[in-house]
Amino acid sequence: KYDDCGPVLSSYWAMRDALNATGRRIFYSVHGPKGTEAVGLANAWRTTTDIDNTWDSFWERALANDKYAGAAGPGGWNMPDMLEVGNFFTSSSSIGNSNNNNSNSNSN
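Being a predicted model, the structure only gives us computed values, none of them experimental.

1. Focus: the overall build of the chain
Scanning the chain from terminus to terminus reveals two helices and four strands. Tracing the chain from N to C terminus, the helices and strands come up as β-α-β-β-α-β. Buried positions account for 27% of the 108 residues belonging to the chain. Put simply, of all contacts in the chain between residues at least 6 apart along the chain, 49% involve residues at least 24 apart. Just so you have it, the chain exposes about 7,300 Å², and 52% of that area is on carbon and sulfur atoms.

2. Observations concerning the pattern of salt bridges
Per the counting criterion, the structure on display carries four salt bridges. One salt bridge in this structure joins Lys-1 and Asp-3, with 3.8 Å as the shortest N-O distance. Arg-16 is the partner of Asp-17 in a salt bridge, and the nearest nitrogen-oxygen pair spans 2.9 Å.

3. Quick word on the packing of aromatic side chains
A complete count under the given rule lists five aromatic pairs for this structure. Geometrically, the ring pair formed by Tyr-2 and Tyr-28 is tilted, given 6.4 Å between the ring centres and 45 degrees between the ring planes. You can see Tyr-2 sitting in strand S1 (residues 2–3) and its partner Tyr-28 sitting in the loop between helix H1 (10–21) and strand S2 (29–31), a full 26 residues away along the chain. Their ring planes at 20 degrees and their centres at 6.1 Å tell us that Phe-27 and Trp-77 sit as a pair that is stacked. In this pair, Phe-27 is assigned in the loop between H1 and S2 and Trp-77 in strand S4 (residues 77–79), connecting sequence segments 50 residues apart. Judged by relative accessible area, Phe-27 falls into the exposed class, the value being 53%. On the basis of relative accessibility, which here comes to 41%, the residue Trp-77 falls in the partly exposed class. What links up through ring pairs into an aromatic cluster is the set Tyr-2, Tyr-12 and Tyr-28.

4. Let's talk about the environment of Asp-4
On the secondary structure map, Asp-4 appears in the loop between S1 and H1. Sequence separation between Asp-4 and His-31 is 27 residues, and the spatial gap between their C-alpha atoms is 4.9 Å. Once residues within four sequence positions are removed from consideration, Asp-4 is found in contact with Tyr-12 and His-31.

5. Description of the side chain of Thr-47
Relative to the helices and strands, Thr-47 is located in the loop between strand S3 (44–46) and helix H2 (55–66). In this structure Thr-47 comes out as buried when scored by relative accessible area, which is 5%. Residues within four places of Thr-47 in sequence aside, it is in contact with Lys-34, Asn-65, Tyr-68, Asn-78, Met-79 and Pro-80.

6. So, the confidence of the model for the chain
The predicted model of the chain averages 80 in pLDDT, with 72% of residues at 70 or higher. Between the elements of the chain, mean pLDDT differs from a low of 86, seen in S1, to a high of 94, seen in H1. Throughout residues 94–108 the model reports pLDDT below 50, and contacts reaching past four residues in sequence, or to other chains, amount to twelve contacts.

7. What about the side chain of Asn-78?
Counting through the fold element by element, Asn-78 comes out in strand S4. Within the local environment of Asn-78, its side chain forms a polar contact with the side chain of Trp-45, the two groups lying 2.5 Å apart. Looking at Asn-78, its side chain comes within polar contact range of the main-chain oxygen of Tyr-68, at 2.7 Å.

Conventions adopted
Residues numbered from 1 in each chain as written. Predicted model: local features only at pLDDT ≥ 70, side-chain atom pairs only at ≥ 80, totals over all residues. Heavy atoms only, no water. Helix = DSSP H or I, 4+ residues; strand = E, 2+ residues; numbered from the N terminus. Buried < 20%, exposed > 50% of the residue type's maximum accessible area, 1.4 Å probe, protein only. Contact = heavy atoms within 4.5 Å. Areas by Shrake-Rupley, 256 points an atom, 1.4 Å probe, with all protein chains shown as cover. Salt bridge = Lys/Arg side-chain N within 4 Å of Asp/Glu carboxyl O. Phe/Tyr/Trp six-rings, centres within 6.5 Å; stacked < 30°, edge-to-face > 60°. pLDDT = per-residue confidence, 0-100. Polar contact = N/O pair within 3.5 Å; in protein donor to acceptor, adjacent residues only side chain to side chain.

Structure below.
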């Protein structure tokens with residue numbers, strides 16, 4: 001992953017060219033250009049800011065990522081950061097009970 005190079009946008013293409021020059025097949029992911037501006041540049045592009053473990057954060061990233069759906073296709077995908085797997089939601093608008101623990105208690 002080539003991560004958020006700020007105002008030096010040409011560095012994304014320079015890195016792509018350097019990786020391609022190795023002759024190896026490399027999955028190139030960027031956090032900077034996104035959507036149609038990343039097609040032809042990278043295999044995946046970040047579409048959102050960092051997620052946290054609240055339902056609101058998850059939902060905001062899902063909605064933001066949705067507007068880039070048309071840019072995705074064979075060889076290039078939208079990437080909305082990550083999923084919070086195994087972490088309990090912490091905001092008041094969260095799903096479930098943030099006081100739960102990970103134990104699985106079945107009463108049969």
